[in-house]
Amino acid sequence: MTDLELRNSGRETSGIGGRTALILVLAYVAVVHTIDTLAAHSVHFIISWHVFDWQAANGFDYFKFLAWFIAPLIFSLRGFDTGWLGLRRWRRVDLVILGVLAAVGVACVLIIPVFPSLQAVYSGWGRFPAKTRCRLAQHAFVWTFSWVIGWEFLHRHVLLKRLTTVWPRYGWLLIPLIEGVYHLQKPLLEAGGMVVFSLVLTPWAAKRRNVLLPFLAHLLVELELLAFLMVS
């Protein structure tokens, strides 16, 4: 995004309306991430938060899909800019960036056995029969796809747009912080990796006004992890 576009965007929405919209989106992100975390860990505080664990038998996570994608999409339909989802704003170098990120993802997955904290979470399925591994992979793929599209749409489109209109130059930095905090329920190395991923792709999404590359890069990393689990 050019300086002129940033200034124009700021004039349009950085007033009371823009700040109010940002506060509402931040509150929404905090609420749905908190509910998701409490449900994942079956926390019983005031209520049993496990009631929000809406994962189907095939792995599809309905809560994540609805809270991270469908609800934000509905509220974004008015005046929706389809350029955020297509290839129109890509440049040739972006294919190189995607390839580099895919290669880095492979390297990160291959070093999992080196770190006990990661190995404990991502122990491979090699000990299981091939039929069982295929069933686990199918379940994991459905689960992954059900949330990764919403994760990227919520953070690097809905939230990013509000942040860059209120704080055009540095507002995007709040997204790596939010993603890092959410991932603290996982090993610190993984949380750190998510922050690095976000520090690279969030400014890219802000500059290109496009969320497709972050989505593809994130999905590729998850598929690389899935392949690692299948063979290790």
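Residues numbered from 1 in each chain as written. Predicted model: local features only at pLDDT ≥ 70, side-chain atom pairs only at ≥ 80, totals over all residues. Heavy atoms only, no water.

**Here's the deal with the confidence of the model for the chain**
- Averaged over all residues, the pLDDT of the chain is 92; the fraction at 70 or higher stands at 93%.
- Across residues 1-16, where pLDDT falls below 50, the model places 18 contacts with residues more than four positions away in sequence or in other chains. (pLDDT = per-residue confidence, 0-100. Contact = heavy atoms within 4.5 Å.)

**Describing the pattern of salt bridges**
- Applying the stated criterion to the full structure yields 8 salt bridges.
- Among the ionic pairs, Arg89 bridges to Asp81, the shortest N-O distance being 2.7 Å.
- Measuring nitrogen to oxygen at the nearest pair gives 3.4 Å for the salt bridge that ties Lys186 to Glu190.
- We classify Lys186 as partly exposed; its relative accessible area is 33%.
- Several salt bridges share partner residues, and in doing so they unite Asp36, Asp61 and Lys64 into one network. (Salt bridge = Lys/Arg side-chain N within 4 Å of Asp/Glu carboxyl O. Buried < 20%, exposed > 50% of the residue type's maximum accessible area, 1.4 Å probe, protein only.)

**Some details on a nonpolar patch on the surface**
- A contiguous nonpolar patch, built from Phe45, Ile46, Ile47 and Val51 and spanning about 440 Å² of accessible area, is present on the exposed surface.
- Here Phe45 is to be found in strand E1 (residues 44-45).
- Its relative accessible area of 57% is what places Phe45 among the exposed residues. (Patch = residues over 30% accessible without salt bridge, like charges linked within 9 Å, V, L, I, M, F, W, Y side chains within 5 Å. Areas by Shrake-Rupley, 256 points an atom, 1.4 Å probe, with all protein chains shown as cover. Helix = DSSP H or I, 4+ residues; strand = E, 2+ residues; numbered from the N terminus.)

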